[in-house]
Amino acid sequence: IDELLAGPVAGKRVFVRADLNVPLSGTTITDDGRIRAVLPTVKALAEAGARVVVASHLGRPKGAPDPAFSLAPAAARLGELLGADVAFATDTVGESAGATVAQLADGQVAVLENLRFNAGETSKDDAERAAFADLLAGLADIYVGDGFGAVHRGHASVFDLPARLPHYAGHLIATEVGVLKKLTEDVKRPYVVALGGAKVSDKLAVIDQLLGKADRILIGGGMAYTFLKAKGYEIGSSLLQEDQLAAVAEYLERAEKTGVELVLPVDALVSSAFPDLKAKAPADPTAVAADAIPADQMGLDIGPETRKLYASKIADAATVFWNGPMGVFEHPDFAEGTKAVAQALLDSEAFTVVGGGDSAAAVRILGFDENAFGHISTGGGASLEYLEGKTLPGLAALED
Ligand code: 3PG
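What you see is a predicted model; the values in this text were computed from it and never measured.

1. Re the UniProt feature "binding site: ATP" (unreviewed entry) in the chain
Item 1. When the UniProt feature table is mapped to this numbering, "binding site: ATP" (unreviewed entry) covers K203, G299, E330, G356, G357, D358 and S359. These annotated residues cover 157 residues of sequence, and their C-alpha atoms reach 22.6 Å apart at the extreme, placing them across more than a single site.
Item 2. By secondary structure assignment, the location of G357 is in helix α14 (residues 357-365).
Item 3. For G357, a count of 23 C-beta atoms within 10 Å puts it in the buried group.
Item 4. By secondary structure assignment, the location of D358 is in helix α14.
Item 5. Contact partners of D358, with chain neighbours within four places excluded, come to G197, G324, P325 and G380.

2. Topic: helix α6 (residues 126-137)
Item 1. Taking 1.5 Å as the rise per residue, α6 with twelve residues should run 16 Å; its terminal C-alpha atoms sit 16 Å apart, in good agreement.
Item 2. Contact partners of the buried residues in α6: β1 (13-17), α5 (119-122) and α7 (156-160).

3. Section: the sheet that holds strand β14 (residues 298-302)
Two strands in a sheet stick together by hydrogen bonds in their backbones, pointing the same way (parallel) or opposite ways (antiparallel).
Item 1. The strand order across the open sheet built from three strands is β13-β12-β14, with neighbouring strands paired in antiparallel fashion. Single-partner strands in this sheet number two, and they are β13 (286-289) and β14. For this sheet, the mean inter-axis angle between neighbouring strands, taken without regard to orientation, is 45°.
Item 2. Bridging between strand β12 (residues 267-271) and β13 involves four bridges; their strand directions are antiparallel. Each bridged residue has a counterpart across the sheet, and for V270 the counterpart in β13 is T286.
Item 3. Those strands touched by helix α12 (residues 304-315) are β12, β13 and β14, and its axis lies near 145° from that of β12.

4. Observations concerning helix α13 (residues 336-347)
Item 1. Under the 1.5 Å per step criterion, the end-to-end length of α13 is 16 Å for twelve residues, consistent within 8% with the ideal 16 Å.
Item 2. Among the twelve residues in α13, nine count as buried, and that is most of the element.
Item 3. For α13, every residue scored as buried is listed here: E336, G337, T338, K339, A340, V341, A342, A344 and L345.
Item 4. Buried-residue contacts for α13 involve β9 (191-195), β14, α12, β15 (319-323), β16 (351-355) and α14.

5. Details of the pairing of strand β7 (residues 142-145)
Item 1. As judged from the four bridges shared by β1 and β7, these two strands associate in the parallel manner. Its bridge partner being in β7, V16 is matched across the sheet by V144.
Item 2. Bridge count between β7 and strand β8 (residues 167-169): three bridges; the pairing is parallel. The residue of β8 that forms the bridge with V144 is Y168.

6. Overview of the environment of H331
Item 1. The topology assignment puts H331 in the loop between β15 and α13.
Item 2. Residue class for H331 comes out buried when judged on the 22 C-beta atoms lying within 10 Å of it.
Item 3. Measuring from C-alpha to C-alpha, the distance between H331 and A281 comes to 8.7 Å, with 50 residues separating the pair along the chain.
Item 4. Every residue in contact with H331, bar those within four places of it in the chain, is listed here: P275, L277, K280 and A283.

7. Quick look at the nonpolar core
Item 1. Ranked by size, the top nonpolar core spans 121 residues in total, and within it V14, F15, V16, V53, V54, V111 and I217 carry the most contacts.
Item 2. Apart from the residues lying within four places of it in its own chain, the contact partners of V111 are V54, L71, A74, A75, L78, V86 and F88.

8. Comments concerning the sheet that holds β1
Item 1. A sheet is described by the order of its strands in space; here six strands give the open sequence β5-β6-β4-β1-β7-β8, paired in parallel fashion. Bordering the open sheet on either side are β5 (86-88) and β8, each of which pairs with just one other strand. Sheet twist, expressed as the mean angle between neighbouring strand axes with direction ignored, is 25°.
Item 2. Here β5 pairs with strand β6 (residues 109-111) via three bridges, running parallel. The partner of F88 across the bridge, within β6, is V111.

Rules behind the numbers
- Residues numbered from 1 in each chain as written.
- Predicted model: local features only at pLDDT ≥ 70, side-chain atom pairs only at ≥ 80, totals over all residues.
- UniProt positions renumbered as here; feature names shortened; annotations may be inferred.
- Helix = DSSP H or I, 4+ residues; strand = E, 2+ residues; numbered from the N terminus.
- Buried ≥ 20, exposed ≤ 12 C-beta atoms within 10 Å, placed from the backbone.
- Contact = placed C-beta atoms within 7 Å.
- Expected span 1.5 Å × (residues − 1).
- Pairing = 2+ DSSP bridges.
- Axes fitted to C-alpha atoms, helices over the stretch in contact; angles between N-to-C directions.
- Core = buried A, V, L, I, M, F, W, Y, C linked by C-beta atoms within 7 Å.

Structure, rendered in C-alpha cells:
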C-alpha cells in the first residue's frame with residue numbers, strides 16, 4: 001500500500017477487502033478488534049483523497065440477504081472509529097451499491113452490505129465467482145487486500161477480484177504476514193505453542209506441522225478430551241471427536257519419538273451439563289484429575305493443576321503462539337484456564353502471538369490489555385493455515 005500511496009490516489013475508487021466479521025450479540029458488536037485493525041489502511045486512503053469502498057463478509061449467510069448478518073452495525077462502528085460519516089450500501093453490487101459509490105466524494109468512505117449475501121462470493125463454480133468478481137470490479141479502480149482473517153478463502157472478493165484490478169496489500173496484511181514469518185523462519189527457541197478450541201479436527205494439520213517445529217505443544221479446550229481419550233482415559237460426557245482418535249494417537253506417538261513435548265491437561269473442571277452462556281447461572285464446577293472424569297460429567301476447562309503446569313511451560317519460552325481458548329471462557333466459572341494462559345504469556349519475556357478470532361476476542365473480553373501482547377492476529381483459520389505452510393489464495397492473489 002505504501003507504493004500505492006506514493007502515487008496519486010485522490011479521486012480514485014479504492015476497494016478495500018476487509019474482514020469485518022466481528023462477533024455480534026443481536027446488533028451489538030461484542031469485540032471490534034477486526035474493525036480497529038483495518039483503520040490504518042482506511043484512514044491512509046481517505047487522507048490521500050481516495051474514495052474508499054470497504055467490503056467484507058460477516059458470518060455464514062446462505063448466499064442471499066439475511067438481516068441477521070447485516071454489516072450495518074460494523075459500518076456504524078467504523079464511522080465512530082474514523083470520526084467521520086461512513087455511507088452504507090444496503091446491497092453489495094446492486095442499485096444501492098452503485099449509487100453509494102457514485103456519490104462518494106474524495107476522502108469519503110462507504111461500506112457495502114455483506115459480500116456473502118451473493119452466492120457468487122463463495123461459489124465453488126469458477127464462472128459464478130468470476131461473474132460476481134466482474135460486478136465488484138465495476139465499483140472500483142484499485143484493489144487493496146486487507147482482510148487477513150479471510151485470506152485462506154478462495155472467494156470472489158479475495159481471490160478473483162484482485163486479478164481484475166491493480167492490486168496492493170494493506171497495512172494489516174503486511175503486519176500479519178511479517179509477524180507470522182517470524183514463527184516460520186528462524187523462530188527463537190524454546191518455541192511453545194498453546195492450542196485450544198472445541199474441535200481437534202480444525203487443528204490436526206497445524207499440529208502435524210508443529211510436531212516438526214515447536215519444542216512444546218500444550219493442549220487445552222474441548223479438543224483436549226479427544227487426546228485424553230486416545231491416551232485411554234475415560235472422559236465422561238466431554239466433547240469427543242471419535243473419528244479423530246486414530247490421528248491423535250499417531251501424534252502422541254510421533255511426539256514421543258521426536259522429543260517434542262506434547263502436554264495434556266492433568267486435571268479438568270467438570271460439570272454435569274454445558275453451562276448457560278446467556279444467564280451465566282453458577283455451574284458449580286468440580287476439579288477432577290484428567291484420568292478420573294466421572295461418567296456423567298463433562299470437562300469444560302483445564303483445572304488448577306494444569307493452569308500451573310501450562311504457566312510453567314510458558315515461563316521460559318522465547319516464542320509463544322497461542323490459538324484457541326482453554327475452556328468455555330464465555331462463562332465465568334470456566335474462564336480461569338484461558339485467563340491463566342493469557343497471563344502466562346504476559347508474564348513471560350517471550351515474543352507472544354495470539355492467533356485466532358476466538359482467542360483474540362477472549363483476551364479482550366476477559367479484560368487483558370491487548371497492547372501488552374507481542375501481536376494479536378485477526379486471523380483464526382488464516383493464521384493456522386499460514387503456519388501449516390499452505391498457499392493462501394488471498395495472499396497469492398496479491399503477490400504476482
Ligand atoms: C474468520 O472468522 O475466521 C474469518 O472471518 C473467515 O470466516 P469464515 O470461516 O466464515 O470463512
